[in-house]
Every structure is written in structure tokens, then in C-alpha cells.
Amino acid sequence: MDMKDLYLLVPLAPLAGAIAVGLFGKWLGRAWSHRITIALVAVSFFASLAVFNDVQAGNIFNGSVYTWLTSGDTSFQVGFLIDQLTVTMMLVVTFVSLMVHIYTIGYMQEDPGYQRFFSYISLFTFSMLMLVMANNFMQLFFGWEAVGLVSYLLIGFWYDRETAIYANLKAFLVNRVGDLGFLLGIALVLMVFGTLQYDAVFANAASHANDIAPIPGVSWNMMTAICILLFIGAMGKSAQFPLHVWLPDSMEGPTPISALIHAATMVTAGIFMVARMSPLFELSETALSFVMVIGAITALFMGFLGIIQNDIKRVVAYSTLSQLGYMTVALGASAYSVAIFHLMTHAFFKALLFLAAGSVIIAMHHNQDIRYMGGLKKYMPITWITSLIGSLALIGTPFFSGFYSKESIIEAVKFSDLPGSGFAYFAVVAGVFVTAFYSFRMYFLVFHGKERYDEAPHDKHHAAHDDHGHDEHHGKPHETPWVVTLPLILLAIPSIGIGYIAFEPMLHRGYFGDAIFVAANHSMVTIAGLVHHEIIDHPLTMAMHAFGTLPFWLAVAGVASAAFFYLKRPDIPALIQKKFQFIYTLLDNKYYFDRFNDWFFAGGARGTSRLLWTFGDVKLIDGLMVNGTAKLVGMFSGAIRHIQSGYIYHYAFSMIIGVFVLLTVRDWF
Amino acid sequence: MIFGLPVISVAIWLPIIFGILVLSTGDDKNAPLARILAMIGAVLGFLVTIPLYTGFAYDTSQMQFVELHDWISRFNIHYHLGVDGISVLFILLTAFFTPIVVLAGWLVIEKRVAQYMASFLIMSGVMIGVFAALDAILFYVFWEAMLIPMFLIIGIWGGQNRVYAAVKFFLYTLLGSLLMLVALIYLYNRSGGSFSILDFHQVAIPMTAQILIFIAFFFAFAVKVPMFPVHTWLPDAHVEAPTGGSVILAAIMLKVGAYGFLRFSVPIVPDASHQLAGVMIALSLIAVVYIGLVALAQSDMKKLVAYSSISHMGFVTLGIFIFNAYGMEGALLQMISHGFVSGALFLCVGVLYDRMHSRNIADYGGVANTMPVFAAFFMLFAMANSGLPGTSGFVGEFTVILGAMKANFWYAFAASTTLVFGAAYTLWMYKRVIFGAVANSHVAELTDLTLREKVIMAILAVTVLGMGLYPLPFSEIMHASVNDLLVHVAHSKLP
């Protein structure tokens, strides 16, 4: 098979599955629906592997599939850019998607929307692949919006739940705010470069580095303007402060998609995009600085929120926000390869954590409150072990995958000299403690300690209207079926090992080749080497070295204090909560962002729109101008009607008056 | 040539002849016959327009399929027809929608079936005439004739407040066109006794006269588009019109206004157009932003879709008056896409109205539970209305925004707010109508789409997706004419 056919096969296989099951799911039945979609996603995964091998052999592809539109002298293409960065994303996306497809068989077992769900996640896989494989901004935007659509459909999958359909509308609109910036960025790119093809834009970027952006009233550097506009898109999609508000609410969707879309792949689209645009971002230190500070705020402050959540999925969601912040910080520090590295390790261990959380949720009959779990490790050994692996990877335990990526981010920020890097360094280091604390708080509350699952108040159950109509609400929890645990095991393997394997090639042996561009004076590896007089490029040395560093001991401290507070002295957290009521309230209200947005933006828009309508359209235009004109004509004709009275003496009298007036007026001249 | 007959004339007169045939079936006893005849006429009417597309020469901006005959030689008025890259697609669009509205009214219309069907057929022919006329008086005749069937459709088959809406519609649009007639007569004198629109394009006109002509045309065309602030007839007309009427109104009739700007205002008075472009852009952006917000406040589904139409048409006028290729082609693409999408949305509202006899959003909720197939189609069209890439709704908006960026960053910014507002009003409505738990016993009793409705929805879904995924065939055909128009307007016509 020609390589180009293989490239096409990767996104089109899941699309075919989505269409087949979406249109004919009813006739296909449940079993065939999941067989078809899983088989086709597997095809996509193995095709991606083949492409990976081909790229490793040095074959980069950049070509178009068809011309989408021509306008003016610009031709908009649909095409693929297959390089190291793309193929890494392709592997991550198709692998996690395959795991999630399999897992869904177990998780959605009794849901009436079974086929619809499979159709959606296959459609998502297609959209995400189109996004990462694009060789131009137009197609990037297509994928960008298409994943947003599927995310919208999946958050609102249980469309009869009021909270779900609130959350999906919110997610879509907040993302659209980001997309507003993104689209303007793209339009600016087209205007400056006259094309939307990556290769042409990147090749000419440097020649526009010192231009002034054509924005009347603002004298910004061109690249700064473009990069910040594009990054606003990333802030929406990758849930960066202050557009992060949609991600926690997106947990209303079924757990498999929280793993696939809202942890492993879609939310990392922004990170991928910035890495892809590295030739542009490298030209604006202002933009990089902006990126870094936004990432740092997200990394630290969203982590704090994870500490007080009691919903198992929301803890993981805030941890995702925080980790996305880490990746963004890495981007800001020009450590794009590190960001993608963390993106990859995070995709595995965070998908694992979500799916494990889903497994726990199944066992708990869809109660998601970690206060009513505990001691599950003996009932669910596979879920327990895999969760532990995921958590250890997340907090950056040496030798686990998350360690290599997170440690590299911290190192990169340390040597950055951009404005804001000091704060960013503090944020990512402090974040290590926070991450360790909330991760193990959750871990201990779920798997260790007293068994509290019988204490759950029944109104707390989501079960009233959900997918699994379990009959046996009592009895011991038990391990979930193999379709659920198999993906956990398969994700646990890379969560442990992928960092060790990929660390050296990705960060130090130029794995990404020309896919990522870093200006010489921004290269953290070089700078770190100059400072340390050696480059730590072997995973073993790196891990050994870590035992003596601050982040490691912060992580240990985080785990230890979580153990102390939640295993040893479970009475203390309540005391702290009372003592620091103010801080607790602030965190519990998520820094009041949701309230403010609801009041100011949503309420403001509704109020303004009602005012504009009732006053502008109804009163002013229709009332005053349109019907007013009609009335005026009516009044006028009503008035002059009296002149035509039909009486001779009225007319005669008018004539006499007229003659007098005329004579008088004549005398004036 | 079709069977030795000129294509455009066939496209115009065939539906009109079928309309008269349908009328002759008489009263409602023969309603089935009237329906079938109307369907045959509508489908034939669409088929005969296809040679216009397949036989179209892409490399020229000259008028094609030209027909030229003397009509009233005393005033040098001709029966002069022809198409170029700007008008050809609208003829196809018009003919495409006639079978759809016939099918949409198939069993829904029970009274005066023959007259109803005939109105649409005749209107179809007349609207094709508007897009094909190259003689100003012929254009004017078609232009005014178009109003009559629509006036009847709203006034006879409309809702409760139909007379108010029909009269408002008629007066609004008639007042606008009278000024246009004055301008046409001035141009007749100025051009030395020709009513040919193509001759008008070449006439040198002093600035003051250009401005006055622009204003005269503005009232005729802006009312039709409709542009802010002469838009308030549209929501009323839509709300009262039967579904088919709304579809044609939104899909085709609004386009003649924008078409008028492209065929008359811009090429005949280019200097005035440039002079007043700022005002036009401002009005367009007000339409996008202000009307977008007003749409958010609507509690009536049809009114909401109507306001959404106005907001989307803002992109069309914006695209025209930023005078670059992206803008102009984007405007044309947006007009076509808006035809599909707004037509589809009015049909969706019609599907619900036929079942519940309410357009009120608050009367619905949880329709997805009882009408899942409908919900899926409605979702697609709602997303197209929100400008999602991959649907036709994106193509025009995207291209116009690119053009606006070329003109001024802040134009592009204001236009882009539709990403947020458009999604907000469309999806918020969708959420309240379709999502949620079943709201009441009426919703619980809803039945999903019938085969007839599925066919209509499927046709439009395929078009919306097709144009979204592969818009090239739509844009290629217009290149030569748009480029020519842009070159033409770049030259001053001051004497």
C-alpha cells in the first residue's frame, strides 16, 4: 500500500465506523456496533504504528489531499503533514482511543445510547486525527471545532440531565470564546503570509518578526499579536486560566470520554498546536512569557482546587487542569519537546486514572463521592494496583513516566530567563507538593482506610437517572469485568515505562527533528548543560540525581501529609476546614469564577439582549419609526381631510384669505 | 438549449406554466392532482436549470446563455436574459428549493391546495427572472411581481396576525422599490436611452448623482436583505408565514437584495459605493452583533431563526462592501449556505409546529426523547447555523472574516463575535427545545419524522455537509465574474 493511502486510512477508518454505527446502529445491534468501531480504531492504531516506523526511517510527508476552496489568489487545501510530532500524537490518540473503545463495552453496557456513544467516540477519533495531521491552519481549525462538537455532544450525552446540558452548552461557548481569538489569529496569518500552509508560513516567519501588527489603535509586534491570538484558542481548548471553567463541569459526561477527550487528547490540542507553531512562538518572547505565566497560574491554582473536591472525577479533572498548566509552562519556556513529552506520559497515566475512577464508580453503583468509599483495595485488586501506578506516575515518582516529563519541565523553567519565569518556577515546584497531596488524598480515601461505602446517603446517588440500572445496590463491591480492567492494565504499562524509554530520544537525541523549532538562545538543554557542566541525558542518571532534589522531597512530603491527614488522623482536615473557613469557601467556590461568569457574562448577555430587543427593535424601530410613520401619515391625512369639507363658503373663505396673504407677501419684495 | 428552447426562458416559464396548470385544477376536491402536478413542475423546473451549471464556462466573466429580444421598442426595453458567475448559483438555488417547499406543504396545507402550490411555482419562475434579467425594466417587473405570491402566501395561509405581517411586508418592500424605479429612469436618460443593466455599468455619473442613486438602490435592496435598521418586517413576516413561505423568504428572497447590491449599486455607482462603504460596513456589523444579541432574547423559535437570518446576512453585506476577493466570494458563498441552513432551520421549526401548533420555546423541552431522528437533523442544522467547520455555514463566514481582516482588524473582530453569539442563541434554543427531560404531555406524545420529512431533511443535510466539506465547486464558478467586478469597481466612473 502506498504511504499516502495509509495516511488516509488512519483518520478515515474511525470515520467509517462512526458513520456506519451512527446511521445503522439500530440494525447493527450492540455487539456489531462495538465490534465494527473497535476493529476500525484498531486498524487506525496499527496504521499509525506503520506510519511511525516509516517516519523513524526518515520519511516526512507534506502534501495535500484535495483543494477545499479557492478564493482570491489563495487556495485552501486539505492535506497532511506527517512528521515526528504528528506521528507521536497519532499514536497517543489512536492507542488511548482504542483502550477507551474497549472499556466502553463494560462501562456503557446497559445504556440505551450504546451505539450512539460508540459512534461519537469514533467520530471524535477522526476529528482529533484530522487536527493533528493537518498541514495547514484551515484544517487545523476544522479539527479544532470538530473535536469541540463531539465534546459538546458527549458532555451532554445524557441529555435529560439538566446539569449535563448546562455543562455542554457552557463548554461549547467558553471554547468559542477561545476560538474567536484563534480564528482571528488564523486570519492574521493569512493576511500576513498570503497562505495558510504551515511550511510556507514557517519558512517566512522570520522575515516578519519585526513587523508591526496591522491592528489600528494597537502597536504590537506582529508575531506577538499572532501568537497571543492563537494561544487564546489554546486557552479555551486546553482549559487554561481564565477559560478553564468548562473542564470541571465537563465531568457530567460518561467517564470513558472524560478519559479520552477531557484528559488524554482533546484538551491537549492546545499544547500540540503551540508546539506545532514553535517557529512562530520562538519569534516573540512576549508571547512566550504570556504563555508561561498563564500556564503557571493554571498549574498551581487549579491544583489547590483539587484538594477540596470530593467527587472522584472532579479531583482527577482538577489534576488534569493543573497538568495542562505544566505543559503550558513548558511551552512558555520554549521546551516544546518537553511539553509534548509530558503530554504523552500524561495521556497514558491520566487516561488510566480516569478509567480506574470509572471502574471504581461502576463498583460503587455510580456514587462518585470519595467520602463514601474507602478500603476498596481488597475488593478491586486490579483497579487498585493500576490506580496506584497512575498516581505514582502523576506525582513524578522516579522511574515512572510522569517523573521524567515533569522533572524536565521544572528543569527547563529553572533556566528560563523570560519575564515571569521566576513565578512559573515557584508555581511548578510548589505544584509538586499540591499534586502529591491531592492525588494521594484521593487514593487513600478510595482504596485504604475504613470502608464507608454503606454510609452514602441515597439522595447523593447519581444512580437515579443514569446508565446502569443496577438491581443489587447492596453487597460487597467487586472487581469490574475484563473489558474494563484490560485497558487499565494496558495503560498502566506505558504509565510506568514510556518515560524511561522516550526520555533520551525525545529530549536529547533530536527525535522531533525539524518538527519543532527552538531558537538557539532559548534552548534549555544547552543552557542547562552550560550551568551543570554536563547534560543529564540518561534516564537512569536522571532518576538517581532526582533523589537529592527539592521536587522529590516535596512529593514525598505531599504523600506523607496526605497519609497523615486521611489515614492516621481523619479528624484533622475537618478542623483545618473550620479554622480556615475563608480559604475553604474561596476554594469551594472555585475562586468565584463560575458565579462571576454566570452573573456577568451569561446574565449580562441575556439582560443586554432583552434590553436591545424591547427597546431597540420593538420600541424604537418598530414602534417609533415604522408604526410611527404610519401613524404620522394617518394623522396628517386626518388633519388635511378637514380642509376638504365640501362647503362652498369654506372654499370661498380660504380663497379670500389666500389672496390677502399673497398680496401681503408681494409687498415684502 | 433544451429541446431547441433557450435554457433561461425555460427555467423561468416552465414553473410559471405549471403554476397556471395547477391553478386550473380548481378547488380542493382535486388537491391530490394539484400536489402531483406541482411536484412534477417543481422537479422539472429544477432539472432544466442543471444545464446552466454543466454548460457554464468558468473562464469568462461575460454573460452566458444570453437571450435578447425586443420587448417595448418605444422605450428601448428588451427581453434580455443571461447569467454570469454571480447569478448562476442563485438560479439553481431557487429551483432547488421549489420541490422542497412543495414537499414540505404536501399534506400540511389542506385548504386551497392548488393556489398554494401554484403560488410557489409562479414565485419560483419570477425569482429566477430576477436573477437572470439584464434589462432594468424586465428586472423591475420580476422584482415587483415576486412580491405578489409571497404577499398571498403570508396573507392567506399565514398565522393569526397574518394580515398585519403581509401588509407590513408589502409596504416596506414596495416603498423601497419605488425609489429604485426613479434611479433606473435617471440611468436610462443618462445612458442615452438604454435600459440594459450592462450599459448602466459603463455610464459615467457625477458624484452627487452617484450618491443619490446609491441611496435609492439602498432602500430597495437593504429592505430585502434586510439590513439594520430596516429589518423589522422580516421577523413578523416569518412568524406569520407558513413553513414553505418562510423557507423561500429566507433561502431565496433575502438573496435578491444582496444580489441587487452586486448587480446594481456596486458596479453602477462604484465611487459612491466606496464613499459610503464605511456606513454599509457599520450597518453590517451592527446586524451581526446587535441582531445576534437580539436573537438571544427571543422566546419564539421562528423569530429567533429570523433574527439569526438577519445576523447572518450581515456577513453578506459586510463581505460585499470590504471590496476584496475574499469578502465578495465569501458573501456569495454565505448567501448560498444561508439558503440551505436557514431553509433547513425553518423546516425544522415547521416540523415541530405541525405537531404542537406552537412556536414558543417554553412549550417544548426534551424533544430528543421522543423524536431522536429529528433531533439529530436539527443538531446538524443548528451547528451549521453556528458556523461549524465541515458544514456550509462555516465556508462563507470564514472567507468573509478573512476578507474583513484584510480590510481592518476590528471589522474581523466584530464579525467574529458571531462565533460566540451565533452559537449562544442557536444552541441555547436547541438546549431548551430538544434536550432535557420530557417537559409535558404534548412532548411525550410527539412522533418522530415521517418518511416525507426524512427525505426533505436528508436532502438538506447532504447539501449542508457537502458544501461544507467540498465548497470548491461553488467558489470556482464565481471566480471570473467576481474578479471582473472587483476590477470594475476599482475604476472611478466620475465623468
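Quick caveat: nothing in here was measured; it's all calculated off a predicted structure. (Residues numbered from 1 in each chain as written. Chains lettered and ligands numbered in written order. Predicted model: local features only at pLDDT ≥ 70, side-chain atom pairs only at ≥ 80, totals over all residues. Heavy atoms only, no water.)

**Some thoughts on the overall build of chain A**
Here is step 1: Counting its regular elements, chain A contains 25 helices and two strands.
Here is step 2: In terms of principal-axis extent, the alpha carbons of chain A reach across some 115 × 65 × 60 Å.
Here is step 3: Of all 669 residues assigned to chain A, the portion counted as buried reaches 61%.
Here is step 4: A separation of at least 24 residues holds for 80% of the contacts in chain A among residues at least 6 apart in sequence.
Here is step 5: By element, 69% of the accessible surface of chain A is carried by carbon and sulfur atoms, the whole surface being about 25700 Å².
Here is step 6: Treating the 36 positive side-chain charges of chain A as one cloud and the 42 negative ones as another, the clouds have centres 10 Å apart. (Helix = DSSP H or I, 4+ residues; strand = E, 2+ residues; numbered from the N terminus. Buried < 20%, exposed > 50% of the residue type's maximum accessible area, 1.4 Å probe, protein only. Contact = heavy atoms within 4.5 Å. Areas by Shrake-Rupley, 256 points an atom, 1.4 Å probe, with all protein chains shown as cover. Lys, Arg positive; Asp, Glu negative; His and termini not counted. Charge placed at Lys NZ, Arg CZ, Asp CG, Glu CD.)

**Here we look at the nonpolar core**
Here is step 1: Counting residues in hydrophobic clusters, the biggest one holds 449 residues, and the most contacted among them are Leu280(A), Phe97(B), Phe374(B) and Phe381(B).
Here is step 2: Tallying contributions element by element places helix 14 (residues 336-363) of chain A first for this core, with 21 residues.
Here is step 3: Leave out the neighbours within four places in its chain, and Phe381(B) touches Val341(B), Ala344(B), Leu345(B), Cys348(B), Met457(B), Leu460(B), Ala461(B) and Val464(B). (Core = buried A, V, L, I, M, F, W, Y, C linked by side-chain atoms within 4.5 Å.)

**Side note on unusual backbone geometry**
Here is step 1: The peptide bond linking Val225(B) to Pro226(B) adopts the cis configuration, its omega dihedral lying at -15 degrees.
Here is step 2: Backbone geometry places Ser334(A), a non-glycine residue, at a positive phi of 65 degrees.
Here is step 3: Secondary-structure assignment places Ser334(A) in the loop between helix 13 (312-332) and helix 14.
Here is step 4: Although it is not a glycine, Phe323(B) adopts a positive phi angle of roughly 50 degrees.

**Here we look at the interface of chain B and chain A**
Here is step 1: Taken together, the contact pairs 63 residues of chain B with 55 residues of chain A.
Here is step 2: At the boundary of chain B with chain A, total buried surface from both sides reaches about 5100 Å², with 74% on carbon and sulfur atoms.
Here is step 3: Counting every contact that joins chain B to chain A gives one salt bridge.
Here is step 4: When the shortest N-O distance is used, the salt bridge between Lys431(B) and Glu162(A) registers 3.6 Å.
Here is step 5: Classifying every residue of the side of chain B that touches chain A gives 41 nonpolar, 15 polar and seven charged. (Buried area = accessible area lost by both parts, 1.4 Å probe. Salt bridge = Lys/Arg side-chain N within 4 Å of Asp/Glu carboxyl O. Nonpolar A, V, L, I, M, F, W, Y, C, P; charged D, E, K, R; others polar.)

**Re empty space enclosed by the protein**
All names here are of chain A.
Here is step 1: According to the stated counting rule, one finds seven cavities of 30 Å³ or more in the structure shown.
Here is step 2: By volume, the largest cavity amounts to about 90 Å³.
Here is step 3: When residues of the lining of the largest cavity are traced back to their parent elements, those giving at least two are helix 16 (401-414) and helix 21 (550-568).
Here is step 4: Sorting elements by how many residues they give to the lining of the largest cavity places helix 16 first, with four residues. (1 Å grid on protein atoms, 1.4 Å probe; cavity = no way out; pocket = protein on both sides within 12 Å on 5 of 7 lines; lining within 4 Å. Points joined across faces, edges and corners; volume = space filled by probe spheres on them.)

**Let's talk about the confidence of the model for chain A**
Here is step 1: Mean pLDDT over chain A works out to 85, with 95% of the residues at or above the 70 mark.
Here is step 2: With pLDDT under 50 throughout, residues 459-472 of chain A is counted as low confidence; its partners more than four residues away or in other chains account for 32 contacts. (pLDDT = per-residue confidence, 0-100.)

**Examining the environment of Leu33(B)**
Here is step 1: For Leu33(B), the location among the structural elements is in helix 2 (residues 31-47).
Here is step 2: A C-alpha to C-alpha distance of 9.8 Å links Leu33(B) and Val113(B), two positions 80 residues apart in sequence.

**Observations concerning the pairing of strand 1 (residues 61-71) of chain A**
Residue and element names in this part refer to chain A.
Here is step 1: Two elements, strand 1 and strand 2 (residues 74-82), share nine bridges in a ladder whose sense is antiparallel. For Thr70, the partnering residue across the bridge sits in strand 2 and is Ser75.
Here is step 2: Here strand 1 folds back onto strand 2 in antiparallel fashion, the turn holding two residues, of which Gly72 has a positive phi close to 60 degrees. (Pairing = 2+ DSSP bridges.)

**Description of the packing of helix 1 (residues 7-23) of chain B against helix 2 of chain B**
If you want to describe how two helices pack, look at the angle between their axes and the distance between the axes.
Residue and element names in this part refer to chain B.
Here is step 1: For the pair helix 1 and helix 2, interaxial distance at closest approach is 9 Å and the crossing angle is 175 degrees. In terms of orientation, helix 1 and helix 2 fall into the roughly antiparallel class. Two secondary-structure elements touch here, helix 1 through Leu14, Phe18, Leu21 and Val22 and helix 2 through Ala34, Leu37, Ala38, Ile40, Gly41, Leu44 and Gly45.
Here is step 2: For the contact of helix 1 with helix 2, a count of residues per class yields nine nonpolar, two polar and no charged. (Axes fitted to C-alpha atoms, helices over the stretch in contact; angles between N-to-C directions. Parallel < 35°, antiparallel > 145°, perpendicular 65-115°, else oblique.)

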